[in-house]
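Below are the chains, spelled out letter by letter.
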Amino acid sequence: MFERKQCLALCLVLLAGCGSNGNSGGGNNLEAPTLGGSSSGDGSELGDAGVATELDGTWVAECTQADEGSSLERAIFNKNQFESRVEYFDDGGCTTPAATPTQVLTGTFAIGAPVATSSGLEAKAIDLKVQSANGTPVSQIIYNIFYLDQAGLFLGNERGVTPELRPTALDLDTLLTRQGGASGEPGSGTDEPETPDDGGAGNPGTPGDGGTDTGGTPGNGNGTDGGGTDGGGADNGGTDDNSALAQALVGRWNAGCAANPTAGGPSHFTAQYRFTATGVEYRVDNYEDPDCTVQLSAGDSSTRRGDYTLGNTVTTAEGLQATEIDFVFSDLDGEASGLERQDIIAVDGNTLYLGAESENGARTNSLNLQDPLSKQ
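Residues numbered from 1 in each chain as written. Predicted model: local features only at pLDDT ≥ 70, side-chain atom pairs only at ≥ 80, totals over all residues. Heavy atoms only, no water.

## Notes on the overall build of the protein
Inference 1: Of the regular secondary structure elements, the protein holds two helices and 18 strands.
Inference 2: Of all intrachain contacts in the protein linking residues separated by at least 6 positions in sequence, the fraction that spans at least 24 positions is 49%.
Inference 3: Of the roughly 17800 Å² of accessible surface on the protein, a fraction of 47% belongs to carbon and sulfur atoms. (Helix = DSSP H or I, 4+ residues; strand = E, 2+ residues; numbered from the N terminus. Contact = heavy atoms within 4.5 Å. Areas by Shrake-Rupley, 256 points an atom, 1.4 Å probe, with all protein chains shown as cover.)

## Examining the state of the cysteines
Every disulfide links exactly two cysteines, by a covalent bond between their sulfur atoms.
Inference 1: Evaluation of the coordinates by the stated rule reveals two disulfides.
Inference 2: Here C63 pairs with C94 through a disulfide, and the sulfurs are 2.1 Å apart. Sign of the S-S torsion, about 90 degrees for the bond between C63 and C94, identifies this disulfide as right-handed. Placement of the pair is C63 in the loop between β1 (57-61) and β2 (64-65) and C94 in the loop between β4 (81-89) and β5 (103-116), with a sequence separation of 31 residues.
Inference 3: Given the relative accessible area of 32%, C63 is considered partly exposed. (Disulfide = S-S within 2.5 Å. Buried < 20%, exposed > 50% of the residue type's maximum accessible area, 1.4 Å probe, protein only.)

## Things to note about unusual backbone geometry
Inference 1: For K79, which is not glycine, the phi torsion reads 60 degrees and is therefore positive.
Inference 2: Residues other than glycine seldom take positive phi values, yet C94 does so here, at roughly 60 degrees.
Inference 3: Overall, the relative accessible area of 14% leaves C94 in the buried class.

## Observations concerning the confidence of the model for the protein
Inference 1: Residues at a pLDDT of 70 or more form 69% of the protein, whose mean pLDDT is 74.
Inference 2: Note on residues 181-240: pLDDT under 50 across the span, and 87 contacts to partners over four residues away in sequence or across chains. (pLDDT = per-residue confidence, 0-100.)

## Section: the pairing of strand β6 (residues 122-133)
Inference 1: Within β6, nine of the 12 residues are buried, which leaves it mostly tucked inside the rest of the structure.
Inference 2: Here 10 bridges tie β5 to β6, and the two strands are oriented antiparallel to one another. Residue pairing for β6: A110 is matched across the bridge by D127.
Inference 3: Inspection of the sheet shows β6 paired to strand β7 (residues 136-149) by nine bridges, in the antiparallel sense. Following the sheet pairing, D127 is matched in β7 by Y143.
Inference 4: The hairpin turn running from β6 into β7, its antiparallel successor, is two residues long, and N134 in that turn takes a positive phi close to 55 degrees. (Pairing = 2+ DSSP bridges.)

## A look at the side chain of R305
Inference 1: Relative to the elements of secondary structure, R305 occurs in strand β14 (residues 301-315).
Inference 2: Take R305: its relative accessible area is 18%, and that puts it in the buried class.
Inference 3: Within the structure, R305 has its side chain in polar contact with the side chain of D173 (distance 3.4 Å).
Inference 4: Those residues in contact with R305, other than ones at most four positions away along the chain, are L172, D173, V280, E281, F329, S330 and D331. (Polar contact = N/O pair within 3.5 Å; in protein donor to acceptor, adjacent residues only side chain to side chain.)

## Topic: the environment of F269
Inference 1: Mapped onto the elements of the fold, F269 is located in strand β12 (residues 268-275).
Inference 2: Placed 21 residues apart in sequence, F269 and P290 show a C-alpha to C-alpha distance of 8.6 Å.
Inference 3: Each residue touching F269, except ones within four places of it in the same chain, is listed here: G256, C257, A258, A259, N260, P261, V284, D285, N286, Y287 and C292.

## Thoughts on the pattern of salt bridges
Inference 1: Counted under the stated rule, the structure contains 10 salt bridges.
Inference 2: A salt bridge links R85 to E83, with the nearest nitrogen and oxygen atoms 3.1 Å apart.
Inference 3: You can call R85 partly exposed: its relative accessible area is 25%.
Inference 4: Given the relative accessible area of 23%, E83 is considered partly exposed.
Inference 5: Of the charged contacts in the structure, one is a salt bridge between E281 and R305, with a shortest N-O distance of 2.9 Å. Here R305 lies in strand β14 and E281 lies in strand β13 (residues 279-287), a separation of 24 residues in the sequence. (Salt bridge = Lys/Arg side-chain N within 4 Å of Asp/Glu carboxyl O.)

## Description of the side chain of S70
Inference 1: Tracing the backbone shows S70 in strand β3 (residues 70-78).
Inference 2: Residue classification places S70 among the buried positions, given a relative accessible area of 0%.
Inference 3: Of note is the side chain of S70, whose polar atom sits 2.6 Å from the backbone oxygen of D91.

## Regarding the packing of aromatic side chains
Each aromatic ring pair is described using two quantities: the centre-to-centre distance and the angle formed by the ring planes.
Inference 1: In the structure shown here, the tally under the stated rule is eight aromatic pairs.
Inference 2: Plain terms: the ring middles of Y273 and Y282 are 4.6 Å apart, the flat faces sit at 35 degrees to each other, and that makes the pair tilted.
Inference 3: Arranged with centres 6.4 Å apart and planes meeting at 40 degrees, the rings of Y282 and F329 form a pair that is tilted. Of the two residues, Y282 is situated in strand β13 and F329 in strand β15 (residues 321-332); the sequence distance between them amounts to 47 residues.
Inference 4: Feature note: the residues Y273, F275, Y282, Y308, F327 and F329 constitute an aromatic cluster, connected by ring pairs. (Phe/Tyr/Trp six-rings, centres within 6.5 Å; stacked < 30°, edge-to-face > 60°.)

## Section: the environment of I141
Inference 1: Along the chain, I141 falls in strand β7.
Inference 2: Of the residues examined, I141 reaches a relative accessible area of 13% and is grouped as buried.
Inference 3: Measuring from C-alpha to C-alpha, the distance between I141 and G160 comes to 8.7 Å, with 19 residues separating the pair along the chain.

In structure tokens:
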């Protein structure tokens, strides 16, 4: 069993940024948006009672290991009411409950205007009025942001105690997934990238639309003919397949332990991709041993964040179908850094393949079938 400090009651995943009231954007934070139905802190509730929001439901984060034991965090939204809970466990897998009491915050909330984030994603403002902490009446408004996509719910990387300190950066390392509630589909239509062509205009079931594709090659293998004569997505082939692929990509993909081919670098490394509807995060962890168990003490990991776009469907040197993908990374470990990469990609159920290494850095025409990534 392990003890918890009292401050943890205010450091739940819903509030974020334990120990920090600052804005990661420094002096670049936006003007606080006006929240519909919110109060000015006079004791009245935030939001519109009885009106459903896109957040309605129960959201759960992954099990988090601590110095001793582990914890499980969840947020529950119902109309304008919220509840945030942290449960503690004696083991590292969140299975054996600890004697430490569950930390619970309750109150009301209101959703506000769009907020441009440092990662380029458009989040929304959210004000949370904490009215009870573990059953004790309190009164505090937390100013935060949130972003919904098919992967789930992301919150701000800080908590603001004033509108001016509302964060402008998302915590993309902490994903909450919907367990139930008003909608069975995370995002529930509020996040435009969730259905890029809305399923109707493209009619994914009939790529090529028969005669639209000059009649002779209706779809021709889900868009293979789109590279030349009819301009790719114009025949509703490649574009629609890209929409399906973009949805299949959403989530986290892990690669196994691999040897580092770069001389003088770490012995081995693991890689992880996390895709949203349009964004991507690429993380590398370096290790000293071939089993990837002894992590380097310095420079042990790096994370790039950016965007990606999907292109034409191609046939690889192995005779397989893949899709062109262009990565544009603009952030390296929180610092501005530009990096572009051309690649190919293929998804087979819960397995993802990227292109093999090319000698001149150009887009490869061969998949790396030896080092697949598995969906987590």
